[in-house]
Amino acid sequence: MTLSAPACPPARGLLKDKTVVVTAAAGTGIGYSAALRAAEEGARLLISDFHERRLEEAADRIAEATGSRPQTVICDVTRQADVDALRDAALAGLGAVDVLINNAGLGGEVPVVDMTDDQWSRVLDVTLTSVMRMTRAFLPGMYARGGGAIVNNASVLGWRAQKGQAHYAAAKAGVMAFTRCSALEAAEHGVRINAVAPSIAMHPFLAKVTTQEQLDRLAAQEAFGRPAEVWEVANVMIFLASDLASYMTGEVLSVSSQRA
């Protein structure tokens, strides 16, 4: 049986007066939803992406929904110079960064025997190495202030197997391991680092890179018989970013219905 998604719960001011940076926030996927939810919860916001037009459109939609337009910065997370420029713009525009949401990722489906070095390297660079670059760039400022929170976007594929996803699964498993290890270092400075691991959340980019047959099969395996709404994943990110999760660090929360 397929159950419908409930309505998104009302905002409670969980990030009131906090400053938040979200990567890969263009479009209508998890990053955009996390940015919108952060703004709804009272955050001062900067969003980034490498696609300028879609990023500005996302900022316009957030402004229409919340009455406050976020700062925008074009950033290719595979380029250290872009990451450093994003950090500098965030510090200049927001004064300091309380929360960093690392959402950038790249998937695709290809069997190992057909996978090229470029396909492997590109997915790991966008999905895993970018998390390290962003964390490395933003942690010193958080250390200096004695606090902050980082939320990474992993995937249940970091735990379980799926054909054609070796590069993506390896990258997401790496995000999980990086989250746990970096969290121990950051804890000494009062900074928390956690991750979410969605099973399947429907958004246009996923539909573009995955066959409908595969999407239907994955959704049917979920306990509710449907994929997550992107805001259902974003809400867990916002929880981890907020003071409600003050004792949690190094954790990877599965956002799934028995598919972890």
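The structure presented is a predicted model; accordingly, all values stated were derived computationally and were not measured. (Residues numbered from 1 in each chain as written. Predicted model: local features only at pLDDT ≥ 70, side-chain atom pairs only at ≥ 80, totals over all residues. Heavy atoms only, no water.)

Colleague: How would you sum up the overall build of the chain? Please name residues and give values.
Modeller: For the chain, the count of helices and strands is eight helices and seven strands. A compact globule built from 260 residues would reach a C-alpha radius of gyration of about 18 Å, and the chain, at 17 Å, matches this within 12%. Seen along its three principal axes, the alpha-carbon backbone of the chain occupies a region of about 45 × 40 × 40 Å. Within the chain, the fraction of its 260 residues that count as buried is 52%. Restricting the contact set of the chain to residue pairs at least 6 apart, pairs at least 24 apart contribute 74%. As presented, the chain carries roughly 11900 Å² of accessible surface, and 54% of it is formed by carbon and sulfur atoms. Charged side chains in the chain number 24 positive and 28 negative. The centres of these two groups are separated by 3 Å. (Helix = DSSP H or I, 4+ residues; strand = E, 2+ residues; numbered from the N terminus. Rg over C-alpha atoms; globule rule 2.2 N^0.38 Å. Buried < 20%, exposed > 50% of the residue type's maximum accessible area, 1.4 Å probe, protein only. Contact = heavy atoms within 4.5 Å. Areas by Shrake-Rupley, 256 points an atom, 1.4 Å probe, with all protein chains shown as cover. Lys, Arg positive; Asp, Glu negative; His and termini not counted. Charge placed at Lys NZ, Arg CZ, Asp CG, Glu CD.)

Colleague: Please give an account of the nonpolar core that cites residues and values.
Modeller: If you look at soluble globular proteins, the nonpolar side chains tend to sit buried side by side. Core analysis: the largest hydrophobic core is formed by 36 residues, its most contacted members being Val20, Leu45, Ile47, Ile62 and Ile101. The element that contributes the greatest number of residues to this core is helix 8 (residues 230-241), accounting for eight residues. If near-sequence neighbours (up to four positions away) are discounted, valine 20 is found in contact with Leu15, Ala38, Ala43, Arg44, Leu45, Leu46, Leu94, Val99 and Ile101. Grouped together as the second largest cluster of nonpolar side chains are 23 residues, Val83, Ala90, Phe138 and Ala183 included. (Core = buried A, V, L, I, M, F, W, Y, C linked by side-chain atoms within 4.5 Å.)

Colleague: Any details on the pattern of salt bridges? Residues and values, ideally.
Modeller: Counted under the stated rule, the structure contains twelve salt bridges. A salt bridge links glutamate 40 to arginine 37, with the shortest nitrogen-to-oxygen separation between them at 2.7 Å. One end of the pair is glutamate 40 and the other is arginine 37, both in helix 1 (residues 30-40) and three residues apart, which spans about a single turn. Bridged by salt links that share partners, the residues Arg37, Glu40 and Glu41 form one connected network. (Salt bridge = Lys/Arg side-chain N within 4 Å of Asp/Glu carboxyl O.)

Colleague: For the pairing of strand 6 (residues 191-198), give the residues involved together with the corresponding values.
Modeller: Counting buried positions along strand 6 yields eight of eight residues, so the element is predominantly enclosed. The side-chain alternation of strand 6 yields two buried faces, one formed by Val191, Ile193, Ala195 and Ala197 and the other by Arg192, Asn194, Val196 and Pro198. One ladder, built from six bridges, connects strand 5 (residues 148-153) with strand 6; its direction is parallel. From the neighbouring strand, isoleucine 150 faces strand 6, where its bridge partner is isoleucine 193. Of the crossover connections in this fold, the one passing from strand 5 over helix 5 (residues 166-187) to the parallel strand 6 is right-handed. One ladder, built from four bridges, connects strand 6 with strand 7 (residues 252-255); its direction is parallel. The residue of strand 7 that forms the bridge with valine 196 is leucine 253. (Pairing = 2+ DSSP bridges. Right-handed = clockwise from strand over helix to strand, strands pointing away.)

Colleague: Break down the packing of aromatic side chains for me, citing the residues and quoting the values.
Modeller: Centre-to-centre distance and the angle between the planes together describe a pair of aromatic rings. Scanning the entire structure with this criterion turns up zero aromatic pairs. Across the ring face of tyrosine 32, the terminal group of arginine 61 is positioned such that the distance to the ring centre comes to 4.5 Å. (Phe/Tyr/Trp six-rings, centres within 6.5 Å; stacked < 30°, edge-to-face > 60°. Lys NZ or Arg CZ within 6 Å of the ring centre and 35° of its normal.)

Colleague: Tell me about the environment of leucine 128, residues and numbers included.
Modeller: With respect to the helices, strands and loops of the structure, leucine 128 is situated in helix 4 (residues 117-145). Sequence separation between leucine 128 and tyrosine 168 is 40 residues; the distance between their C-alpha atoms is 9.2 Å. Those residues in contact with leucine 128, other than ones at most four positions away along the chain, are Val123, Ala171, Gly174 and Val175.

Colleague: How would you explain helix 5 if you had to name every residue and give the values?
Modeller: When the terminal C-alpha atoms of helix 5 are compared, their 31 Å separation across 22 residues agrees well with the 32 Å that a helix rising 1.5 Å per residue should span. Within the sequence span of helix 5, burial applies to His167, Tyr168, Ala169, Ala171, Lys172, Gly174, Val175, Met176, Thr179, Ser182, Ala183 and Ala186. Against the buried residues of helix 5 lie helix 4, strand 5, strand 6 and strand 7. (Expected span 1.5 Å × (residues − 1).)

Colleague: Give me the lowdown on helix 3 (residues 80-94), citing residues and values where you can.
Modeller: The end-to-end C-alpha separation of helix 3 is 21 Å, in line with the 21 Å expected for 15 residues at 1.5 Å each. Taken residue by residue, helix 3 has Val83, Leu86, Ala89, Ala90 and Leu94 as its buried positions. One face of helix 3 carries all of its buried residues, which in axial projection span an arc of 125°. For helix 3, exposure combined with an orientation more than 90 degrees from the buried face picks out Ala81 and Ala92. In this structure, the buried residues of helix 3 make contact with strand 1 (19-22), strand 2 (44-49), strand 3 (71-74) and helix 4. Where helix 3 terminates, the next one or two residues include glycine 95, which has phi positive at roughly 90°. (Arc of directions from axis to C-beta.)

Colleague: I'd like a description of unusual backbone geometry, backed by residues and values.
Modeller: In this structure, aspartate 17 is a non-glycine residue whose phi angle is positive, near 70°. The topology assignment puts aspartate 17 in the segment before strand 1. Despite not being glycine, alanine 24 shows a phi value in the positive range, around 50°. Mapped onto the elements, alanine 24 comes out in the loop between strand 1 and helix 1.

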